[in-house]
Amino acid sequence: MNTMEIEFKFCIPAGRLKAVEAALRRGAVVRTRLQARYFDTADQRLVADGMVLRLRKEGRRWVQTVKAAGDNALHRLEHNVDLGTGAAVPAIDPARHAGTPVGERLARLLQPTDGDAVPLVERQSTDIVRLTRDLRVSGPAGAVVEMALDVGKVVVHAGTPAQRTSPVCELELELKSGDVQGLVALARRWAQQHGLWFSTVSKAERGMRLLAEQETVPAVKAEAPRFSTHGPDGRAIQQAIVASCLDQMLPNASEIAAGSTDEEQIHQLRIGIRRLRTALRELAGLDADTSRFDAAMWEPPLVDAFRALGELRDREQVVKLAQPRLREAGAPEVDPLAGDAVAVAAQASTPGDIVRAAAFQDVLVSLIGFTAVAPESTGPAPLAADAALQLLRERLRRLHKQAVRDGRRFESLATEHQHRARKRLKRQRYLAEFAAPLFAEAEGGKKKKDAADRYLKALRPAQDALGAFNDEAVALALYREVASRDPRAWFAVGWFSARRAAGATACRQALETIGEAPRFWKKN
């Protein structure tokens, strides 16, 4: 059976498992024991490509399955082959998936390089007890959703007698029929009621980490949007750009929610939130049906999470940069974070608490749903491709003009307006990154792409100058706070105050160079 899965997967806090199971059992449930064996090449090329190849015993039947990532956070390509019943474990055979899109992708990964087939080895196994229930969502966005509660473990042997295991406790919601928004509504309701958080970590990936004894995975960084159609309309542009932001945010948020305190994951999640907020602000006019793109509802929890994740980290980073320079200047030793009220408040909640917060998870689920909704023939139409490009052109021109204007008068701007200039410059950069592939495809290919690359490169000196200027403003404010309880901090206050004028001049000069940058969005 060849399918496109549309599903949410949530982790369940240990203290909420009984409540989730009880809620699931309010309808008719089916209990199944799932014993699966996962296969990959010795160099793990399948999991590296986001693919899963497994044999699974479902009750008495064996099923061979291959899965791969789809075109957004909800979609997965899947092909299942029923191998019947039997006591013996069937042999794995990738050819069973031939003739399907996901099977062809699997075949390309296993393509022999020297004439010999690439061998597959069993990498891990799982032993799961699954409770399933079909639930009908009523209302305009009607749907039938299969809910599956999985409790068990992932096991790897790693070539030694000692096993390593990772517990599994998760709830999957898969759309069987009907409207994606019905699935989204149900996912939002269960996540809110039970404190669930969205997870991007598959059982296969859990096993890979066990094999590698890997406790922390690399942070996921931003990539350019992928536009699936030529000349996308306004709604398709919105969906592709929001999906690009989520591609960065979701894996990092998933790790943090599970307990990671990795600084780079937190940093990349905050960058993803910044990019998403730029999309919400600058892309709102691309679709006449404003009820779909609900920036007013989505943005407040994003702002709260961004600030909460940054409050302590930003001050720590500034201190880390400032202290060596102050020592070199002869400043007395002082710990600006000792007794810091912001630090104490920030330590009261962990990064995981912030990401698992109900409002933040609700926004993630809503945005994932937004990226998955298929175009409708009813209701107001989105902007056509040409009109959408024109709107992006106007937004880029406006932000560019504001940056140049800010540059001419930066030294005379009030502190809050200098900070606003920095935030606008970030929006300009992110919007340019979002829009560059569209202009390259529509208006000149490589020439436009090269112009966009030159424009983004021209923004960097101003970004660096305004970033350094802001860091020193944060440091100055922090040491002013400290001076009220430790007079030794007045040295730092004076030192940073003396640097403000030169820093503002450097920002003005860097911003002025933007006016000379090639505006890639201009018509040829």
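All figures in this text were calculated on a predicted structure; none of them were measured in a lab.

**Q** Is there a simple way to think about the overall build of the protein in this case?
**A** Tallying secondary structure elements over the protein gives 15 helices and nine strands in all. On C-alpha atoms alone, the protein measures out to a radius of gyration of 26 Å, which is about the 24 Å that the 2.2 N^0.38 rule sets for 524 residues. The principal-axis extents of the C-alpha atoms in the protein amount to approximately 80 × 55 × 55 Å. Burial statistics for the protein: of 524 residues in total, 48% are counted as buried. Residue pairs at least 24 apart in sequence account for 75% of intrachain contacts in the protein once pairs closer than 6 positions are excluded. Roughly 24,500 Å² of accessible area belongs to the protein as shown, and the carbon and sulfur atoms make up 51% of that amount. The averaged location of the 66 negative side-chain charges in the protein is 3 Å from the averaged location of its 78 positive side-chain charges.

**Q** Just to check I follow, could you spell out the environment of Q402 for this structure?
**A** Structurally, Q402 is set in helix α12 (residues 385-408). Here Q402 falls in the buried class, since its relative accessible area comes to 14%. Once the C-alpha coordinates of Q402 and L466 are considered, the two residues, 64 residues apart in sequence, prove to be 15 Å apart.

**Q** Explain the environment of R96 to me, please; I cannot follow it from the model alone.
**A** In this fold, R96 is placed in the loop between β5 (75-85) and α3 (101-109). For R96, a relative accessible area of 28% translates into the label partly exposed. When the C-alpha atoms of R96 and H79 are compared, they prove to be 9.4 Å apart, with 17 residues separating the residues in sequence. The contact partners of R96, leaving out residues within four places of it in the chain, are Q64, H79, V81, L83 and A91.

**Q** Explain the pattern of salt bridges here, please?
**A** If charged atoms from side chains of opposite charge come close, those side chains can pair. Throughout the structure, instances matching the rule amount to 34 salt bridges. Between D150 and K203 there is a salt bridge, with its nearest N and O atoms 3.1 Å apart. Residue D150 is found in strand β7 (residues 143-156), and its partner K203 is found in helix α5 (residues 203-212); the two are separated by 53 residues along the sequence. K203 shares its class with D150; the two are buried. A salt bridge links R499 to E472; its shortest N-O distance comes to 3.0 Å. Residue R499 is found in helix α15 (residues 490-512), and its partner E472 is found in helix α14 (residues 446-483); the two are separated by 27 residues along the sequence. Judged by relative accessible area, E472 falls into the buried class, the value being 10%. The structure contains a network of salt bridges with shared partners spanning R130, D150, E170, E172, K203 and R206.

**Q** I would appreciate a short explanation of helix α4 (residues 180-194) in the present structure.
**A** An α-helical segment advances 3.6 residues per turn. Residues three or four places apart therefore align on the same side. Spanning 15 residues, α4 covers 21 Å between terminal C-alpha atoms, matching the ideal 21 Å at 1.5 Å per step. All of the buried residues in α4 are V180, G182, L183, V184, L186, A187, W190, A191 and H194. Taking the backbone nitrogen of Q181 as reference, a side-chain oxygen 2.8 Å away marks D179 as the first, capping residue of α4. Following α4 by one or two positions, G195 adopts a phi angle in the positive range, close to 65 degrees.

**Q** How should the packing of aromatic side chains be read in this particular structure?
**A** The description of an aromatic ring pair rests on the distance of the ring centres and on the angle between the ring planes. Applying the stated criterion across every chain, the model contains 13 aromatic pairs. An aromatic cluster is built from F439, Y455, F520 and W521, whose rings are joined through pairwise contacts. Over the aromatic face of F306 sits the side chain of R270, whose NZ or CZ is 4.0 Å from the ring centroid. Directly above the aromatic system of F469 lies the positively charged group of R500, at a separation of 3.9 Å from the ring centroid.

**Q** Would you take a moment to explain the pairing of strand β3 (residues 51-58) for this structure?
**A** As a general feature of sheets, a regular strand has side chains that alternate between the two faces. Of all eight residues in β3, six are buried, a share of seventy percent or more. As paired strands, strand β2 (residues 30-40) and β3 are joined by six bridges and run antiparallel to one another. Each residue of the ladder has a partner; that of Y38, found in β3, is R54. Note that β3 and strand β4 (residues 61-69) share eight bridges and pair antiparallel. By the bridge assignment for β4, K57 is matched with W62.

**Q** Where do I start with a positive patch on the surface in this structure?
**A** A cluster of basic residues, R281, R307, R420 and K423, forms a positive patch on the protein surface. Along the chain, R281 turns up in helix α7 (residues 263-282).

**Q** Please clarify how unusual backbone geometry should be interpreted in this entry.
**A** What is expected of a backbone is that most residues other than glycine have negative phi and most peptide bonds are trans. A positive phi angle, near 60 degrees, is found at Q44, a position not held by glycine. Position of Q44 relative to the elements: it lies in the loop between β2 and α2 (45-48). Not every positive phi belongs to a glycine, and E213 is a case in point at roughly 50 degrees. Examined against the element boundaries, E213 turns out to sit in the loop between α5 and α6 (234-257).

**Q** Whenever I open this one, α7 confuses me. Can you help?
**A** With 20 residues, α7 should reach 28 Å at 1.5 Å per residue; the first-to-last C-alpha distance of 29 Å fits that figure. Counting buried positions over the 20 residues of α7 gives 15, a clear majority of the element. The opening residue of α7, the one whose side-chain oxygen lies 3.2 Å from the backbone nitrogen of E264, is D262.

The rules behind the values
For every chain, the first residue of the written sequence is number 1, and numbering continues from 1 onward in sequence order. Local features in a predicted model are, by the rule used here, given only for residues with pLDDT of at least 70; side-chain atom pairs are given and counted only at 80 or more, and totals for whole chains, interfaces and linings are based on all residues. The basis for the side-chain values is all heavy atoms of the structure; hydrogens and waters are excluded. By definition, any uninterrupted DSSP run of H or I lasting at least four residues is a helix, any uninterrupted run of E lasting at least two residues is a strand, and each is numbered from the N terminus. Two things to know: the radius of gyration comes from C-alpha atoms, and the globule rule equals 2.2 Å times the number of residues to the power 0.38. Burial classes follow relative accessibility: with a 1.4 Å probe on protein chains only, a residue under 20% of its type's maximum area counts as buried, one over 50% as exposed, and anything between as partly exposed. By the convention used here, residues are in contact when the closest approach between their heavy atoms is within 4.5 Å. Here, Shrake-Rupley sampling with a 1.4 Å probe gives the accessible areas, and only protein chains in the shown set may cover a residue. When charges are counted, neither His nor the chain ends are considered; positive counts come from Lys and Arg and negative counts from Asp and Glu. For charged residues, the charge sits on one atom: NZ in Lys, CZ in Arg, CG in Asp, CD in Glu. Note on definitions: salt bridges are taken to be side-chain nitrogens of Lys or Arg within 4 Å of carboxyl oxygens of Asp or Glu. Here, expected helix span is obtained from the residue count minus one, scaled by 1.5 Å. Under the rule applied, a polar contact is a pair of N or O atoms within 3.5 Å (in protein, one hydrogen donor and one hydrogen acceptor; residues adjacent in sequence only if both atoms are side-chain atoms). Note on ring pairs: Phe, Tyr and Trp rings are taken, using the six-membered ring of Trp, and paired if centres are within 6.5 Å. Classes follow the plane angle, with under 30 degrees stacked, over 60 edge-to-face and the rest tilted. Criterion for a charge above a ring: Arg CZ or Lys NZ at most 6 Å from the ring centre, at most 35 degrees from the ring normal. The rule for pairing is simple: two strands pair if DSSP sees at least two bridges between them. Exposure above 30% relative accessible area and the absence of a salt bridge qualify a residue for a patch, where like charges join within 9 Å and nonpolar side chains (Val, Leu, Ile, Met, Phe, Trp, Tyr) within 5 Å.

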